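# A closer look at the structure
Next come the chains, spelled out residue by residue.
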Amino acid sequence: MAGGGFVSQGPVRHYDGKITAFVFITCVVGAMGGLIFGYDIGISGGVTSMDEFLKKFFPQVYRKESEAKEGYQNQYCSFDDQILTLFTSSLYLAALVASFLASTVTRVFGRKLSMLLGGLVFLVGAILNGLAVNIAMLIIGRILLGVGVGFANQSVPVYLSEMAPAKYRGALNIGFQMAITIGVFAANLINYGTSKIRENYGWRISLGLAVVPAILMTIGSLMLPDTPNSLLARGHAEQARNMLVKIRGTNDVDDEFQDLVDASVAAKQVRNPWKTLLKKQYRPQLMITFFIPMFQQLTGMNVIMFYAPVIFKTLGYGDDASLMSTVITGCVNVAATFVSIFSVDKFGRRMLLLEGGIQMLICQIIIAILLGLEFGTSGVGSFPKGLADLFIVLVCLFVAGFAWSWGPLGWLIPSEICPLEVRSAGQSVTVSVNMLFTFFVAQAFLSMLCHMKFGLFLFFGGFVVIMTLFVYFFIPETRHVPIEEINRLWREHWFWKRYMPDDVIGNYGNVQIVGSARRV
């Protein structure tokens, strides 16, 4: 075994299977669940930077922003308002709570129903936001959007990982992150267009158009087939085998189907997946499903996605320039996610995570230096054109580093490492931790920017250092490993092997996998 967590994967089974037209279309439709998450990430920051929206709901913030433009207010602090940040962050707190309910629905009733419920609730929230007449109506709408996001983020990554052949699981699962980035980019473009509408309804169009991804997800979930894993868990063995044959494009599925059956037997013996996940032999899955989404948020990426227009306005860009800069970063986000799709199953998860972490750290350090030199701690000043362009380039490089590493892999890795008996609980941990830290970051960022100023980017950079070291030492490579065979990796890892039962690589109910032989 090489240092830092690279492992020899040993005698891992390789199943037959290819990307059929059926499974490709199914994964594309399933991934549309990411659109609702992405659209919300992109839309909220643009709306909160629109003067008409601020005048109606947050006049005190509009007043501070105007004073900052005239040099009477510290620009770092012009948007510091807890109710304004609650507009953004309340969604993620609701998603956190909803993810626990979604875990049970996903496990008992299947992945499709979770997606359907998520789309319907998100649709209602979008309508409320578009029609809002007061802050209470805005927040209630945001909470309903959060419930929809919680259900979607719980079910979609698991669905994609279960449908995809092991050889292409990374690329197909990243379809979820691709949908998120497309949703962000679409929201950036819409905000840029609606900001031109000076009457009091441009922001309503931005918020109300969230019904479009909600409808796509709702209709798409009705068209999707169930995964073989979900069918087996509900006792439909023949349907599960037929579905496996259909999505793999071959009749030679005996080995993979038997592993799915073994996993299903073990899953049915587990009455409480949450309690089971806390057992010693599931310590690797518990730790990784906790730390990966936590670090994903502590990169500071969602700060840029939520508040990019606000950041650019704070640093002296005009209204149009700030929104156009956001469109540029959104475009980079989509393009870089394509890089991940085409490289994740070729170069592996670890390489992308390590390279992305180093790239983001370098950008954050230079951004902090630029802000410190131009704005100091007073927050008064503006970038000259050359430095303004450099700032946008650095933000784009930071976004690219995240988009081909921690963005998609923060959802892929947790969804593929958990055995079936704890998969719904593990994904719920991922979603809830992700939403918890998203809430903290979204709620605290504008206040932190006011108090920490340019040092805020060094703050997030410190976490990027920690998480890159975490990947190097504790994340094994899962590329090309069948989803039901990943338990083998923990036995060969320098740290996680201490938590594994002696000589047992996989354990499915009454069936133990020892070495490469199945023993009943």
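Each chain carries its own residue numbering, running from 1 in the written order of its sequence. Given that this is a predicted model, residues contribute local features only at a pLDDT of at least 70 and side-chain atom pairs are listed and counted only at 80 or more, while totals for whole chains, interfaces and linings are drawn from all residues. Calculated side-chain values reflect all of the structure's heavy atoms, with hydrogen atoms and water omitted.

## What to know about the overall build of the protein
Put simply, DSSP H or I for four residues or longer makes a helix, DSSP E for two residues or longer makes a strand, and each gets a number counted from the N terminus. Scanning the protein from N- to C-terminus turns up 23 helices and three strands. Contacts: residue pairs with any heavy atoms within 4.5 Å of one another. Relative to all contacts within the protein whose residues are 6 or more apart in sequence, the contacts with residues 24 or more apart total 80%. What sets the accessible areas is the Shrake-Rupley method with a 1.4 Å probe; for residues, cover comes only from the shown protein chains. Put simply, the protein shows about 18500 Å² of open surface, and 67% of that area lies on carbon and sulfur atoms.

## Some points on the confidence of the model for the protein
A score from 0 to 100, pLDDT tells how confident the predictor is in each residue. Confidence in the prediction of the protein, expressed as mean pLDDT, is 82, and 84% of residues score 70 or more. In this model residues 1-11 is a low-confidence stretch, pLDDT under 50, and it forms 33 contacts with partners more than four residues away in sequence or in other chains. The low-confidence segment residues 504-520 (pLDDT under 50) makes 47 contacts with residues lying over four places distant or belonging to another chain.

## Section: a nonpolar patch on the surface
Patches here are clusters of residues that have more than 30% relative accessible area and form no salt bridge, with a 9 Å joining cutoff for like charges and a 5 Å cutoff for nonpolar side chains (Val, Leu, Ile, Met, Phe, Trp, Tyr). What counts as a salt bridge is simple: a side-chain nitrogen of Lys or Arg found within 4 Å of a carboxyl oxygen of Asp or Glu. Residues I358, I362, I365, I366, I369, L373 and L458 make up a contiguous nonpolar surface patch of about 650 Å² in total accessible area. For the nonpolar patch, the element with the most residues is helix α18 (residues 349-375), which contributes six residues. As for its position among the elements, I358 is in helix α18.

## A short note on the packing of helix α8 (residues 169-194) against helix α20 (residues 406-417)
When two helices pack together, their arrangement is captured by the angle between the axes and the distance separating the axes. Following both chains from N to C, one finds α8 and α20 inclined at 130°, their axes separated by 9 Å at the closest point. As far as their axial angle goes, α20 and α8 are oblique. As α8 runs across α20, the sense of the crossing is right-handed. Listed contacts from α20 to R169, G170, N173, I174, F176, Q177 and I180 of α8 are G407, P408, L409, W411, L412, S415 and E416. In this classification, Asp, Glu, Lys and Arg are treated as charged, Ala, Val, Leu, Ile, Met, Phe, Trp, Tyr, Cys and Pro as nonpolar, and every other residue, Gly included, as polar. Here the contact of α8 with α20 is built from residues that sort into seven nonpolar, five polar and two charged. Note on method: axes are straight lines fitted to C-alpha atoms, helices fitted across the in-contact stretch only, with angles between N-to-C directions ranging 0 to 180 degrees. Oblique is the label for any angle not under 35 degrees, not over 145, and not in the 65 to 115 range, which are roughly parallel, roughly antiparallel and roughly perpendicular in turn. Crossings are assigned a handedness: left-handed for a near helix turned anticlockwise from the far helix by less than a right angle, right-handed for a clockwise turn.

## Overview of the packing of helix α2 (residues 33-48) against helix α7 (residues 135-163)
Orientation of α2 relative to α7, taken along the N-to-C sense of each, is 140°, at an axis distance of 8 Å. The orientation of α2 relative to α7 falls into the category oblique. As for how α2 packs across α7, the hand of that crossing is left-handed. Packed against α2, whose contacting residues are G33, I36, F37, D40 and S44, the element α7 presents R142, L145, G148, V149, A152, N153 and V156 at the interface. Of the residues that constitute the contact of α2 with α7, the class distribution is six nonpolar, four polar and two charged.

## Details of the packing of aromatic side chains
For any two aromatic rings, the description comes down to two numbers: the centre-to-centre distance and the angle of the planes. The rule is short: rings of Phe, Tyr and Trp, with Trp giving its six-membered ring, pair when the centres are within 6.5 Å, and they are stacked under 30 degrees, edge-to-face over 60, tilted in between. Following the criterion strictly, the structure yields 27 aromatic pairs and no others. Where W496 meets Y499, the ring centres are 6.1 Å apart and the plane angle is 45°; that geometry is what we call tilted. The same class applies to W496 and to Y499, which are both buried. Taken together, F290, F291, F295, W406, F470, F474, W494, F495, W496 and Y499 form an aromatic cluster joined through their ring pairs. For a ring to carry a charge above it, either NZ of a lysine or CZ of an arginine must fall within 6 Å of the ring centroid while also lying within 35 degrees of the normal to the ring plane. If you follow R142 out to its NZ or CZ, it ends over the ring of F87, 4.8 Å from the centre. Seen from the ring of F22, K246 lies directly overhead, with NZ or CZ sitting 4.3 Å from the centre. Throughout this description, buried means an accessible area under 20% of the type-specific maximum (1.4 Å probe, protein chains only), exposed means over 50%, and partly exposed covers the range between.

## Things to note about the environment of F459
Structurally, F459 is set in helix α22 (residues 455-474). C-alpha of F459 to C-alpha of L298: the two residues are 161 residues apart in sequence and 9.2 Å apart in space.

## Examining the pattern of salt bridges
Under the defined criterion, the tally for this structure stands at ten salt bridges. Two residues, D254 and R241, come together in a salt bridge whose shortest N-O distance is 2.5 Å. Of the two residues, D254 sits in helix α13 (residues 254-269) while R241 sits in helix α12 (residues 237-248), which places them 13 residues apart along the sequence. By relative accessible area, R241 is classed as partly exposed at 24%. Of the charged contacts in the structure, one is a salt bridge between R248 and E256, with a shortest N-O distance of 3.0 Å. The exposure classification of R248 matches that of E256, with both residues buried. When salt bridges with common partners are traced through the structure, they connect R169, D345, R349 and E416 into a single cluster.

## A look at the side chain of T329
Relative to the helices and strands, T329 is located in helix α17 (residues 319-347). In this structure T329 touches V395, C396 and V399, once residues within four positions along its chain are discounted.

## Points about the layout of surface pockets
A pocket, in this scheme, is an open set of points on a 1 Å grid over the protein atoms alone with protein on both sides within 12 Å along at least 5 of 7 lines, while a cavity is a set where a 1.4 Å probe fits but cannot get out; residues line either one if an atom lies within 4 Å of a point. Grid points are joined across faces, edges and corners, and a volume is the space filled by probe spheres set on the points. Of the voids in this model, the largest pocket is the one considered here, and its volume is about 360 Å³. Lining the largest pocket are 17 residues, with F24, V28, A171, G175 and I341 sitting closest to its centre. Those elements that provide at least two residues to the lining of the largest pocket are α1 (21-31), α8 and α17. It is α8 that provides the largest number of residues to the lining of the largest pocket, a total of six residues. Among the residues making up the lining of the largest pocket, the classes are represented as 16 nonpolar, one polar and no charged.

## A closer look at the nonpolar core
One finds F53 and W406 to be the most contacted residues of the largest nonpolar core, which totals 126 residues. The leading source of residues in this core is helix α21 (residues 420-452), at 13 residues. Contacts of W406, omitting those with residues within four sequence positions, involve I292, F295, Q296, L353, M360, M467 and V471. Among buried residues, the Ala, Val, Leu, Ile, Met, Phe, Trp, Tyr and Cys ones that are joined through side-chain atoms within 4.5 Å form a nonpolar core.

## With respect to the environment of Y62
Position of Y62 relative to the elements: it lies in helix α4 (residues 59-69). Each C-alpha atom of the pair Y62 and S49 lies 9.2 Å from the other, and the pair is 13 residues apart in sequence.

## Quick notes on empty space enclosed by the protein
In the structure shown here, the tally under the stated rule is eight cavities of 30 Å³ or more. As a volume, the largest cavity reaches approximately 120 Å³. I41, Q177, I180, N302 and F402 are, among the 15 residues lining the largest cavity, the residues nearest its centre. Counting only elements with at least two residues in the lining of the largest cavity, the list comes to α2, α8, α15 (283-298), α16 (301-314) and α20. Counting only elements with at least two residues in the lining of the second largest cavity, the list comes to α7 and α13.

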